[in-house]
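Residue strings, one per chain:
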Amino acid sequence: MSGIVVTFGEIMGRIAAPENLRLRQARQFDMTYAGAEASVAASICNFGGRARYVTALPKHALAEATMDSIRSVGIDTQFVLRTDQGRLGLYFLETGANQRPSNVIYDREDSAIAITTADQYDWDGILAGAQWLHLSGITPALSSNAAEATRVAALKAKEAGATVSIDLNFRGKLWKWDPSKSARELAQTTMKGILPFVDVVIANEEDCHDVLGIQAGDTDVHSGALDTSRYPDVARQVVKQFPNVSQVAITLRESLSATHNNWGAMLYDAPSDKAAFAPLDADGKYQSYEIKNLVDRVGGGDSFAGGLIFSMMTPELSEPTTAVKYAVAASCLKHSIKGDFNYSTRAEVEALMGGSASGRVVR
């Protein structure tokens, strides 16, 4: 991988109750720094690629700690905008177990990125030398300013000749900045103004339904079983709505409990009208990774996006079947790592791709 990947979005303080305590039980909390787009950039750097992260942050010590965390994995932060107004967004995490789901509480209103307008970013400098721009549906959910900045970023990237990807990432708790619309209505209206500039869409089935009104037949994502045969048609419907989209990746999570998930994905290539699934069994049939002792699923989708972008930009990994295989293996490993960032290396991902899944000690 030789090109630069730019990611744009909010980074926050992550305040988590330790172990599996409920938030109301905890008297001490673990604090790290994370956000969807920063997590994608971290994955790319940890795989050996180059990533530039763009956001807006206030001028204080907590924001400096945030900057330290993203610089520590090699992310280029030269275009992070430091502001005199606005605050550092926060989210509070309660990690579930067994049949009790995890829960997130957001505290992001009036954050620096939410009040910063699109024209305050140096898009020409940000996109100089960039081969790829990655966005998510989380940042435009924060405010009209953040939504417009996301749209302008996609537009400027297309004008600069970069590939643009977006993870739909519907967050119903965040889409509130236009009280005249429901969360789904606001998401659909906003995202349909951004998607015409996008080449690669990343989503799960819930995202496709909530943001685009597309559903995989009668599949119920909460039932613990997915009918994977329906997903190529979901991807085709995305491309039908937005003919500019050339690839659609759909993650396939079967949630058997908070700590037991099955995990895989599909990558649909529109020009060839072919879908590739991963992982596969010895007979070439889809067989998901079984993650029985899940450590932390937050950031799992972002690690998939990071793995997919890295593989699609790396010639020896870019063939669709290989690319989705790499992305799924990368995100499978992330489920074993505490925190939002995926600290897995390319060598570790390729070992899992090759069948090394026993977890034996490497000596």
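Our structure's up above, just so we're on the same page.
So, here is what we can say about the structure in this document. These numbers come from a predicted model, not from an experiment. (Residues numbered from 1 in each chain as written. Predicted model: local features only at pLDDT ≥ 70, side-chain atom pairs only at ≥ 80, totals over all residues. Heavy atoms only, no water.)

Examining the overall build of the protein
Here comes step 1: From N to C terminus, the protein includes 11 helices and 15 strands.
Here comes step 2: What you see for the protein is a C-alpha radius of gyration of 19 Å, in line with the 21 Å of a compact globule of 363 residues.
Here comes step 3: For the protein, the C-alpha atoms occupy an extent of roughly 60 × 50 × 45 Å along the three principal directions.
Here comes step 4: Within the protein, contacts between residues at least 6 apart in sequence are counted, and of these 69% link residues at least 24 apart.
Here comes step 5: For the protein, the exposed area adds up to about 15200 Å²; of that, 47% sits on carbon and sulfur atoms.
Here comes step 6: Positive and negative side-chain charges in the protein, numbering 35 and 42 respectively, have mean positions lying 3 Å apart. (Helix = DSSP H or I, 4+ residues; strand = E, 2+ residues; numbered from the N terminus. Rg over C-alpha atoms; globule rule 2.2 N^0.38 Å. Contact = heavy atoms within 4.5 Å. Areas by Shrake-Rupley, 256 points an atom, 1.4 Å probe, with all protein chains shown as cover. Lys, Arg positive; Asp, Glu negative; His and termini not counted. Charge placed at Lys NZ, Arg CZ, Asp CG, Glu CD.)

Digging into the nonpolar core
Here comes step 1: Judged by nonpolar contacts, the single largest core of 62 residues is most densely connected at Tyr 121, Leu 168 and Leu 195.
Here comes step 2: No other element matches the 6 residues that helix H5 (residues 144–159) contributes to this core.
Here comes step 3: Once you skip the residues sitting within four places of it in the chain, Leu 168 turns out to touch Gly 137, Met 191, Leu 195, Val 201, Ile 202, Ala 203, Asp 207, Cys 208, Val 211 and Leu 212. (Core = buried A, V, L, I, M, F, W, Y, C linked by side-chain atoms within 4.5 Å. Buried < 20%, exposed > 50% of the residue type's maximum accessible area, 1.4 Å probe, protein only.)

Focus on the pattern of salt bridges
Here comes step 1: For the structure shown, the criterion picks out 18 salt bridges.
Here comes step 2: Between Glu 64 and Arg 82 there is a salt bridge, with the nearest N and O atoms lying 2.9 Å from each other. With Glu 64 in helix H2 (residues 61–71) and Arg 82 in strand S6 (residues 81–83), this pair connects stretches of sequence that are 18 residues apart.
Here comes step 3: Residue class for Glu 64 comes out partly exposed when judged on its relative accessible area of 35%. (Salt bridge = Lys/Arg side-chain N within 4 Å of Asp/Glu carboxyl O.)

Observations regarding the sheet that holds strand S2 (residues 12–16)
What holds strands together in a sheet is hydrogen bonding between their backbones, with the strands either parallel or antiparallel.
Here comes step 1: Here 4 strands make up an open sheet; going across it, the order is S3-S2-S7-S8 and the pairing mixed. Where the open sheet ends on each side, the last strands, each with one partner, are strand S3 (30–34) and strand S8 (103–107). The mean inter-strand angle of the sheet, taken between neighbouring strand axes irrespective of direction, is 25°.
Here comes step 2: As paired elements, strand S7 (residues 90–94) and S8 share 5 bridges and run antiparallel to each other. Paired with Glu 94 across the two strands is Asn 103, which belongs to S8. (Pairing = 2+ DSSP bridges. Axes fitted to C-alpha atoms, helices over the stretch in contact; angles between N-to-C directions.)

A few points about the packing of helix H6 (residues 183–194) against helix H7 (residues 205–212)
Geometry of a packed helix pair, given as the angle between the helix axes and the separation of the axes.
Here comes step 1: Interaxial distance between H6 and H7 falls to 7 Å at its minimum, and their mutual angle equals 85°. The orientation of H6 with respect to H7, classified from their angle, is roughly perpendicular. Contacts between H6 and H7 involve Arg 184, Ala 187, Gln 188, Met 191 and Lys 192 on the former and, on the latter, His 209, Asp 210, Val 211 and Leu 212.
Here comes step 2: The residue makeup of the contact of H6 with H7, split by class, is 4 nonpolar, 2 polar and 3 charged. (Parallel < 35°, antiparallel > 145°, perpendicular 65-115°, else oblique. Nonpolar A, V, L, I, M, F, W, Y, C, P; charged D, E, K, R; others polar.)

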